[in-house]
Amino acid sequence: MQYKKELDALKRSGRYRTRELVDKNIKDFASNDYLGLSHNKELHELTCKELGRLSINSSKASMLVNGYHQVHKSFEEDLCKANGFEAGVLLGSGFNANIALIDALVRKNDVLFMDELYHASGVLATKLSHVKVEFFRHNDMQHLEELFKKHLHVKRTIVAVEGIYSMDGDVCDKEVFDIVDKNGALLIVDEAHSSGVIGENLMGVFDYYNIRIKDNYIKMGTLGKAYGSFGAFILASEHIIEYLLNRAKPIIYATSLSLYDTLLAHNALRYILDNKEQLKEDILLRREIIHKELGIKIEGLIVPIVIDDNKKVIAIKNELITLGYAIGAIRQPTVPKAILRVIARVGQSTQELRSLCKKIDKISL
């Protein structure tokens, strides 16, 4: 009972968390399965057949110790082709990928400029003793410019932003690409919530802004969201990937990504590219419904609704569960003010989304 007081305090403040079993009978507007591919049985069955033809079932080891398979290499190559990068590497999760990038790339005497709303995994990595970090106001490019001027004589500067921010749902400012180029900095873009959701080819924010890929750009994406699988990838120049393979602990000391998850994500990539026009229509239609019913403009599929009360946001979430809808209830300190986080998933029908919006509008008034 060493932590009873701390747990009691969390309960009093409405910040106590529990695991909740998935209920298949409830309509899912809470998960990050943006395209509904987690329910695509054809992709699953195809993946199982491919896995069955292999001589082994699992990765067995680190990528650097007999755990790097042709399955991994082929997927990395197709990710690079689809996104315009030279090289890539697969990891076990987006959380691990952010730790890997920041721990390995930010060396002594370097400075990392990070958007204040960057994911918790990246923020955690800044706590490492050798990492010097300056946070800039969310999407505030003037503040970022000021930080560059403050650190004119730094050996190396690195900027970290998200493609689509996981809670606010907004897209990073396009100007960030010009600023990092002008200042000779590296740019890390966490595309966990934008890869598969925005862009002409649904490849994310580089695609969305039609950015020409350069050696100083690094893209991180996750496979457990739009791709309906599990794991993550980092895409960059050959030089950066070579360096990460030699310095990034979550790559060096972890078993490589499972073969099933790799094959499933590879099949999802092909599916997204082959069906991009229909998927873009589906995404646009859901954005239009959100705007019409809730008056909120979104660029991806994340819908944040500010409630600003930890206990009320849970009450609304629970009431919606009784009506057959699952949504997110995000509380402090994850967000400054408690929000309902609705995912306008392609996996649920437009009629279901419209019905949910009407119920949210009525309940949260």
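Residues numbered from 1 in each chain as written. Predicted model: local features only at pLDDT ≥ 70, side-chain atom pairs only at ≥ 80, totals over all residues. Heavy atoms only, no water.

> Just give me the short version of unusual backbone geometry, but keep the residues and values in it.
Residue P333 follows Q332 across a cis peptide bond; omega there is 5°. Within the secondary structure, P333 sits in the loop between β11 (328–330) and β12 (339–343). Backbone geometry at N109 places phi at a positive 80°, although glycine is not the residue there. Considering the arrangement of structural elements, one finds N109 in the loop between α4 (94–105) and β3 (111–115). According to the relative accessible area criterion, N109 is exposed, its value standing at 57%. Within the chain, N210 stands out as a residue other than glycine whose phi angle is a positive 55°. Looking at where N210 falls in the secondary structure, it is placed in the loop between α8 (205–208) and β7 (217–222). (Helix = DSSP H or I, 4+ residues; strand = E, 2+ residues; numbered from the N terminus. Buried < 20%, exposed > 50% of the residue type's maximum accessible area, 1.4 Å probe, protein only.)

> I'd like a description of the side chain of H266, backed by residues and values.
Position of H266 among the secondary structure elements: in helix α11 (residues 259–274). For H266, a relative accessible area of 5% translates into the label buried.

> Let's hear about the pattern of salt bridges: which residues, and what values?
This structure, assessed with the given rule, holds 16 salt bridges. The shortest N-O distance in the salt bridge between E20 and K317 comes to 3.0 Å. You can see E20 sitting in the loop between α1 (4–13) and β1 (27–28) and its partner K317 sitting in helix α13 (residues 310–322), a full 297 residues away along the chain. The exposure class assigned to E20 is exposed, which follows from its relative accessible area of 51%. Of the residues examined, K317 reaches a relative accessible area of 13% and is grouped as buried. (Salt bridge = Lys/Arg side-chain N within 4 Å of Asp/Glu carboxyl O.)

> Would you mind going over the sheet that holds strand β2 (residues 87–91) in detail, with residue names and values included?
Within the open sheet, the 7 strands sit side by side as β2-β8-β7-β6-β5-β3-β4. Their pairing is mixed. Each edge of the sheet is formed by a strand with only one pairing partner; in this case those strands are β2 and β4 (133–136). In this sheet, neighbouring strand axes are inclined to one another by 20° on average, regardless of whether the strands run parallel or antiparallel. The pairing of β2 with strand β8 (residues 232–236) spans 5 bridges and is classified as antiparallel. Within β8, the residue paired with L90 across the bridge is F233. Where helix α3 (residues 70–83) meets the sheet, its contacts fall on β2, β7 and β8, and the angle it forms with β2 comes to roughly 125°. (Pairing = 2+ DSSP bridges. Axes fitted to C-alpha atoms, helices over the stretch in contact; angles between N-to-C directions. Contact = heavy atoms within 4.5 Å.)

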